Amino acid sequence: MTAYDTIVIGAGHNGLVCAAYLAKAGQRVLLLEAAESAGGLAADREFHPGFHAPVAHSINHFSSKVASDLDLARHGYTLPAATMPLIGLAEHRSVSVHEGRTSGLDDADAKAYERYHGLLRRFAGALAPAWQKTMPGLGNNSLRELMTFAQIGLDLRRLGKKDMGEFLRIASLPMRDLVDEYFEDELLKALLCWDGIIGSKMAPRSPNSAVLSLLYRMSEDSHGAHTIPNGGVAALGNALKEAAEVEGTEIRFSAEVARVRIDSNTDGLSASGVHLADGETIEADRVVCATDAKRALLGLVGVEYLDIGFTNRIRRLRSDGLVGKLHLALKGAPEFRSTEYLTGRMIIAPTMDSIEFAFDDAKYGQCPEEPVMEVVVPSATDSSLAPDNQHVLSAHVMYVPYHLKGGWDDAARERIANRAIETLAKQAPSIRDQVIYSEFLTPRDLEQQYRVSGGHWQHGDFSMDQILMMRPTYEAAQYDSPISGLHLCSAACHPGGDITGLPGHNAAKALLR
């Protein structure tokens, strides 16, 4: 008898969720994490003495089902009563949307937003059950799988003929086309594009899946609005760790897995444990990888165990990150010209063209001349993140290429950091004088420090050929792999990235059938 039923590799939120569900079902589970703490990109990060900011600086659609099933409130994960306003900043003006309401708009656009938001909420609600299911492959389907397709179709059919037709029409539209149909205000249109494209290789003019990405992010009770949990984003990882341990999961930190152990017999290949970097071998009946698909299959398993066609599909997964991360330690509260709401999520992208031009630079391996970004001041919500009377500013800077022309070095990192601060200074003129320390993480840095291929926080683009039953690719979808006993449960799997816990939830449920 092996020591464990299941070994889970990686204590990011999906690995923790998967391990907790498996242990709750009575399995003997070992969770191995190379870092010193849990949470992955949502883990606490002290980037300067006394100043803290995780890479993931807010949450908007973590699964309420997972939170309830694992009783995360008992372990310290609670949300504030109010969500964060979404605020678009331009020179000397701002617009905001919050819980279906708007400010800074004329009457026509304000009324149009009510129609737009109401329709998208309806579509998001129809899709929501699909994100919590194993999405079957196509062909030779079991009765259970056929019933899954039928249920998804029924949920869409309940929209009614008119709304279902409208959903099918807009599902693959560029965000620009969608918002142009409803609004005149350029700042509002750029603001509403943001949540469809953040973290992807898309801009407002890009066709493909931006609208579906937006609907995915609107699937929970907050309808797309972000929040910072009480105690900060890191409180979620801490709560998941406690929940997993309470259910019986054994967790080992600073335990880097070098390879998955693969056995060969007359029945084919099977995963039977792991080899750690320190030389230890641990046996298990199965191995579940909460790492990205490239790291799991090409790194931890190895191409010698995989078909060449399958290997080539994994290599070709689009998983090069396009988001850089700026952290500023500030002497005091930043003062923005156009808004006083430091507890909001601020988008600096005054027009859709400004987003498009930044994307154009990145397509050719350049950092944007005029960066566009999402900014939060988490210390305005949680004062423990900075020393007294000081603050943390955290920004996702879009279209920072993984493959920079000329390569990444300290000088290149400093140039994009300075451009980002210069962009901030146009909205908060005194911010340069407030900076005590700045940190800029490129996609290369995220790859090296967090062991995620390409530095892609979603483990791969959310695109038509890499979603649903094709995520990450066929023969590695449905939380499975070509090797018996080897499974996946990361953001590389359906439904996708962001902090949701659903890939971990879905993988565990599939394994327990």
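S.K.: Help me out: how do you make sense of the environment of M175 in this one?
M.R.: By the element assignment, M175 lies in helix α6 (residues 175–182). A relative accessible area of 0% means that M175 is categorised as buried. Discounting chain neighbours no more than four positions away, the residues touching M175 are Y116, L192, C193, I197, P204, A210, V211 and L214.

S.K.: Is there a simple way to think about helix α4 (residues 143–157) in this case?
M.R.: Since one α-helical turn is 3.6 residues long, residues separated by three or four positions face the same way. When the terminal C-alpha atoms of α4 are compared, their 20 Å separation across 15 residues agrees well with the 21 Å that a helix rising 1.5 Å per residue should span. Residues of α4 that are buried: T148, I152, D155 and L156. Projected down its long axis, α4 shows its buried positions confined to an angular sector of 100°, all on one face. Among the exposed residues of α4, those pointing more than 90 degrees away from its buried face are L143 and M147. In this fold, the buried residues of α4 make contact with α3 (107–131) and α5 (161–170).

S.K.: How should I be thinking about the nonpolar core in this particular structure?
M.R.: Of all hydrophobic cores here, the largest spans 69 residues; its most connected members are F62 and L72. No other element matches helix α1 (residues 13–24), which puts eight residues into this core. In this view, F62 contacts H13, A67, L72, Y77, E220, L236, L240, I499, T500 and G501; residues no more than four positions away in its chain are not counted. Ranked by size, the runner-up nonpolar core spans 58 residues in total, among them L159, L178, L322 and I347.

S.K.: Would you mind showing me how to read the state of the cysteines here?
M.R.: Cysteine pairs can be linked by a disulfide, which is a covalent bond between their two sulfur atoms. A complete count under the given rule lists zero disulfides for this structure. Here C289 is not disulfide-linked; the sulfur of C489 is the nearest cysteine sulfur, at 8.1 Å. C289 gets classed as buried once you look at its relative accessible area, which sits at 0%. With no disulfide of its own, C493 lies closest to C489 among cysteine sulfurs, the gap being 6.8 Å. Residue classification places C493 among the buried positions, given a relative accessible area of 1%.

S.K.: I keep staring at the pairing of strand β1 (residues 4–9) and nothing clicks. Help me out?
M.R.: Two faces, one strand: in a regular strand the side chains alternate between the faces of the sheet. Among the six residues in β1, six count as buried, and that is most of the element. Looking at chain direction, β1 and strand β2 (residues 29–32) are connected through four bridges and run parallel. Directly across from I9, in β2, lies its bridge partner L32. In this region the chain leaves β1, passes through α1 and returns to the parallel neighbour β2; the handedness of that crossover is right-handed.

S.K.: Looking at this model, I keep getting lost on the pattern of salt bridges. Mind explaining?
M.R.: In a structure, side chains of opposite charge can pair up when their charged atoms sit close to one another. One pass over the full model with this rule turns up 31 salt bridges. Across the pair R101 and E99 runs a salt bridge, and its minimum N-O distance is 3.9 Å. Classification of R101 as exposed rests on a relative accessible area of 52%. The partner of D353 in a salt bridge is R176, and the shortest N-O contact between them spans 3.1 Å. Remark: R176 occurs in helix α6 and D353 occurs in helix α12 (residues 352–363); sequence separation between them is 177 residues. Looking at D353, the relative accessible area reads 28%, which means it is partly exposed. Salt bridges sharing partners connect three or more residues here, namely R176, D180, E186, K189, R205 and D353.

How each quantity is defined
- Residues numbered from 1 in each chain as written.
- Predicted model: local features only at pLDDT ≥ 70, side-chain atom pairs only at ≥ 80, totals over all residues.
- Heavy atoms only, no water.
- Helix = DSSP H or I, 4+ residues; strand = E, 2+ residues; numbered from the N terminus.
- Buried < 20%, exposed > 50% of the residue type's maximum accessible area, 1.4 Å probe, protein only.
- Contact = heavy atoms within 4.5 Å.
- Expected span 1.5 Å × (residues − 1).
- Arc of directions from axis to C-beta.
- Core = buried A, V, L, I, M, F, W, Y, C linked by side-chain atoms within 4.5 Å.
- Disulfide = S-S within 2.5 Å.
- Pairing = 2+ DSSP bridges.
- Right-handed = clockwise from strand over helix to strand, strands pointing away.
- Salt bridge = Lys/Arg side-chain N within 4 Å of Asp/Glu carboxyl O.

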